Amino acid sequence: MNRLARSRARRDDTAAPAFTALDRESDPAAARARFRTGFVAPTAGWAPGHLQANLVAVPEEHAHDLLLFAQRNPKACPLLDVTEPGRPETVLAPGADLRTDLPRYQVWRNGRPAEQAEDVTHLWRDDLVAFLIGCSFTFEAALAGAGVPVRHVEQGRNVPMYVTNRACRPAGRIRGPLVVSMRPIPAGLVGTAVRVSAAVPAAHGAPIHVGHPEGLGITDLSQPDFGDAVDIRAGEVPVFWACGVTPQAALMRSRLPFAITHKPGHMFITDVSQQTLWAEG
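Residues numbered from 1 in each chain as written. Predicted model: local features only at pLDDT ≥ 70, side-chain atom pairs only at ≥ 80, totals over all residues. Heavy atoms only, no water.

*Asks:* Got a minute to help me understand the pairing of strand β3 (residues 105-109) in this structure?
*Replies:* Each regular strand shows side chains that alternate between the opposite faces of the sheet. By the criterion of burial, β3 is predominantly enclosed, with four of the five residues buried. One ladder, built from five bridges, connects β3 with strand β4 (residues 112-117); its direction is antiparallel. Directly across from Trp108, in β4, lies its bridge partner Pro113. Between the end of β3 and the start of β4, which pair antiparallel, lie two residues, with Asn110 showing a positive phi angle near 55°. (Buried < 20%, exposed > 50% of the residue type's maximum accessible area, 1.4 Å probe, protein only. Helix = DSSP H or I, 4+ residues; strand = E, 2+ residues; numbered from the N terminus. Pairing = 2+ DSSP bridges.)

Rendered as structure tokens:
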């Protein structure tokens, strides 16, 4: 499992260019419009303060299992919306199209990554049910505002993600390991990072693990399974959040015949503001 994911991450991401703040849109609709024209970039740092979402679209016959999987693993899969079969729209961004408005998609066949695309309109099926799951990119602007560095944004990279040794609670056919994202945090600011992220449970909330990556079965932080490695500086602690790429690890393990997801780190940007999330919380 780890070898397969790591091989894929190296193939997809090692040559990825760095993106500066000048490349990023601050308005969600403008960001989606830009992606619709074919622009590709990880979405960390885009539309600060707005909810970002992971996409998982599966045939209707597997939707019940995926729904149960999300409900049984809410830390990794904070569920935001589930569409009607065949419908590529979501209440999280009226007028958006889930087939075109993400920067890059991953197509899965029999549990294997089959192809990537910037537009999956030609692959979308009438029986596909789309699940939108919260993403930790959502609270990164709040982290930065509280003085907590967000290293992958600073370095213009994709966030590093790792497959762990923790099994998720299975649901029907769907089962697999927990995936985490990592951010190096100065030791004196770990409490601040916990407090800020805990206020946004719709985006995974507080970290699940601090320090000691071996406790999650991670042996080398310089070799993420998805995304890009980032610098870890003296006095910093690796802090791990549950990650919405967890369903993709489950697709690998469960070998579903067909699915469409976002490419890790290339999220759907919604119109929902973090202020709205705080108010609802």
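*Asks:* What is the right way to look at the sheet that holds strand β8 (residues 209-210) in this model?
*Replies:* Backbone hydrogen bonds hold the strands of a sheet together, and the pairing may be parallel or antiparallel. With respect to topology, four strands assemble into an open sheet ordered β6-β7-β9-β8, the strand pairing being antiparallel. Sheet topology places β6 (161-167) and β8 at the edges, where each strand pairs with a single neighbour. Sheet topology places strand β7 (residues 177-186) next to strand β9 (residues 236-242); seven bridges connect them, and they run antiparallel. The residue of β9 that forms the bridge with Val180 is Ala242. Where helix α6 (residues 190-198) meets the sheet, it contacts β7, β8 and β9, and its direction lies at approximately 20° from that of β9. (Contact = heavy atoms within 4.5 Å. Axes fitted to C-alpha atoms, helices over the stretch in contact; angles between N-to-C directions.)

*Asks:* It is not clear to me how helix α3 (residues 60-72) should be interpreted in this structure. Could you clarify?
*Replies:* Because an α-helix completes one turn every 3.6 residues, residues spaced three or four positions apart along the sequence face the same direction. When the terminal C-alpha atoms of α3 are compared, their 19 Å separation across 13 residues agrees well with the 18 Å that a helix rising 1.5 Å per residue should span. Looking only at α3, the buried set comprises His62, Ala63, Asp65, Leu66, Phe69 and Ala70. (Expected span 1.5 Å × (residues − 1).)

*Asks:* Please clarify how the packing of aromatic side chains should be interpreted in this entry.
*Replies:* Both the distance between ring centres and the angle between the ring planes are used here to describe each pair of aromatic rings. One pass over the structure, following the stated rule, counts four aromatic pairs. Each ring, one from Tyr162 and one from Phe240, has its centre 6.5 Å from the other, and the planes form 75°; the classification is edge-to-face. Separated by 78 residues along the polypeptide, Tyr162 in strand β6 and Phe240 in strand β9 bring together distant segments of the chain. For the pair Tyr162 and Phe240, one class covers both residues: buried. Chaining the aromatic ring pairs together yields one cluster made of Phe35, Phe39 and Trp46. Of note, Arg34 hangs over the ring of Phe39, and the distance from its end group to the ring centre comes to 4.1 Å. Between Arg183 and the ring centre of Trp241, over which it is positioned, the NZ or CZ distance is 5.0 Å. (Phe/Tyr/Trp six-rings, centres within 6.5 Å; stacked < 30°, edge-to-face > 60°. Lys NZ or Arg CZ within 6 Å of the ring centre and 35° of its normal.)

*Asks:* Mind showing me how you'd approach the side chain of Gln155 here?
*Replies:* Mapped onto the secondary structure, Gln155 falls in the loop between α5 (151-154) and β6. Among the polar contacts listed, one links the side chain of Gln155 to the side chain of Arg157, at a separation of 3.4 Å. (Polar contact = N/O pair within 3.5 Å; in protein donor to acceptor, adjacent residues only side chain to side chain.)

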